[in-house]
Structures are given as structure tokens and as C-alpha cells.
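Fold and geometry: a report
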Amino acid sequence: MNIAALRQEYMRAGLSESDADRDPMRQFERWFEDALRAQLPLPNAMTLATVGAGGKPSARVVLLKGLEGGGFVFYTNYKSRKARELEAQGAACLVFMWSPLERQVRIDGTIEQVAAADSDVYYASRPLGARLSAWASPQSEPVPSRSVLEKAMEEARRRYGESPPRPPHWGGYRVLPTEIEFWQGRADRLHDRLLYRRAATGWTVERLAP
């Protein structure tokens, strides 16, 4: 297997300052709608990068569940590793990659918890099994076997039946962007990169070298 020989030429589209929206959230919505129209698998999947104690980075893929309040919303266990790191640092980085469209979006921003009422609404919309597993799984903690999780799931099912309430340790976060970069693959690796930075009066836009 020769991994170094794996190559792809980028030929689909370009991204110019004149075509890009001056508001990066609207530009993101435009690209996200393109991903939906292309019927890409899990277009709302995004890498969430955090920093732990001693500057140690970690990353995982989570799902975008809303563009609300000027930010990017996802839900998780507030006792998980990612949540602990988010609370400690107050910042995160998100990356969307839509390979068939030859596009990436990177978001740097600050973190806040969404309102409890909003977490309640989203939690109630989830399938029953997903609601019960929020009670059963001590996310990011070691467990001796899968059977322990399965027993905890059955206990949650017996306890709450068809109407489990939202666990107090489960809810949403919002990433409030301070920078958003849009990357469009181009021929000969001369990719288009537009970086939006939040300023006092709105957003600035500049082109970065690929």
C-alpha cells in the first residue's frame, strides 16, 4: 500500500471574494444547502477539537443540530471528556469536510451552554432509545464490559418507560464563531481560502495562501 501516491485533482469550483457572502453565517448556510442537495452522507458531521490539561489536544466527530443564536449547536453529556475540556478552556474548533464538493469549513470560537429549555426541546425530539442511553451511559468513563451498559439501559427503560426526562448532565453547547475559514479545492493545489474574522462592526474577510 503506497499511501503517498494517493492523489486527487481539485477541479469542481472556485471561491471568489465577489461571490462570497459578506456574512460568514449566510455563506455557511449556502454551502450547507449545497451539501444537502448533493445528498452527502452526514453533511452535518463535524470534527470538534478541544484542548485539555497541559495543552493536550483531542478531537472527535459530533453532529451539528442547529444554527441558532449566531452559533453552531451540538448536544452531549456535560460530564464527558469533551465537555470538561470545553468548560475548562471556553473555546473550541469545528471542521466540516465535504469531500465530494472539495470543500472544508473551519470555525474557531467561544463556547456557551444552550438554554435548558432548548435542550429539553431537542432531547424530547430524539428517538426513545437515544433518550434512554443518555441516562445509561457514563460517557467517556471506563466500563468493564458492554453488558454493564446493556444492563444500565434496561434499568433506565424500567425506570422511565416511554417518557424519560432529560438528564441534568446532558444538553447542548453553542460555538460562537470568532473566525470562519472557507476552503475550496482548486487545480494545482492553488486552493481558495477565505478567512472571516469577527470585528467590532461586523466581519472582515481576507484571502489566505493555500
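In short, a report on the structure. Treat the numbers as computed from the prediction; the structure is a model and nothing was measured.

It is worth spelling out the overall build of the chain at this point. Regarding its fold elements, the chain presents five helices and nine strands. Its helices and strands taken in sequence order, the chain reads α-β-β-β-β-α-β-β-α-α-α-β-β-β from the N to the C terminus. Dimensions of the chain, computed from the C-alpha atoms along their principal axes, are close to 60 × 50 × 40 Å. When the 210 residues of the chain are sorted by exposure, 41% land in the buried category. Long-range contacts, defined here as pairs at least 24 residues apart, represent 64% of the contacts in the chain between residues at least 6 apart. Roughly 11800 Å² of accessible area belongs to the chain as shown, and the carbon and sulfur atoms make up 53% of that amount. Here the chain holds 30 positive side-chain charges and 26 negative ones, and the gap between their average locations is 5 Å.

Another point: the side chain of E179. Here E179 is to be found in strand β7 (residues 170-184). Among the polar contacts made by the side chain of E179, one reaches the side chain of R197 at a distance of 3.0 Å. Ignoring anything within four residues of it in the chain, the contact list for E179 reads R106, I107, D108, L195, Y196, R197 and W203.

Bringing the packing of aromatic side chains into the picture now. When we look at a pair of aromatic rings, we describe it by the centre distance and by the angle of the planes. Scanning the entire structure with this criterion turns up 16 aromatic pairs. An aromatic cluster is built from F28, F32, F72, F96 and W98, whose rings are joined through pairwise contacts.

Here the focus is helix α4 (residues 128-136). If you check which residues of α4 are buried, you get L128, A130, R131, L132, A134 and A136. Contact partners of the buried residues in α4: α3 (116-125), α5 (146-160) and β7.

This part covers the pattern of salt bridges. Within this structure, the stated rule accounts for 22 salt bridges. R158 serves as the salt-bridge partner of E155, at 3.0 Å between the closest nitrogen and oxygen. Taken together, the positions of E155 and R158, both in helix α5 and three residues apart, correspond to about one turn of that helix. Residue E155 is classed as partly exposed on the basis of its relative accessible area of 41%. According to the relative accessible area criterion, R158 is exposed, its value standing at 60%. One connected set of salt bridges, linked through shared partners, spans R106, D108, E179, E181, R193, R197 and E206.

Cut-offs applied
- Residues numbered from 1 in each chain as written.
- Predicted model: local features only at pLDDT ≥ 70, side-chain atom pairs only at ≥ 80, totals over all residues.
- Heavy atoms only, no water.
- Helix = DSSP H or I, 4+ residues; strand = E, 2+ residues; numbered from the N terminus.
- Buried < 20%, exposed > 50% of the residue type's maximum accessible area, 1.4 Å probe, protein only.
- Contact = heavy atoms within 4.5 Å.
- Areas by Shrake-Rupley, 256 points an atom, 1.4 Å probe, with all protein chains shown as cover.
- Lys, Arg positive; Asp, Glu negative; His and termini not counted.
- Charge placed at Lys NZ, Arg CZ, Asp CG, Glu CD.
- Polar contact = N/O pair within 3.5 Å; in protein donor to acceptor, adjacent residues only side chain to side chain.
- Phe/Tyr/Trp six-rings, centres within 6.5 Å; stacked < 30°, edge-to-face > 60°.
- Salt bridge = Lys/Arg side-chain N within 4 Å of Asp/Glu carboxyl O.

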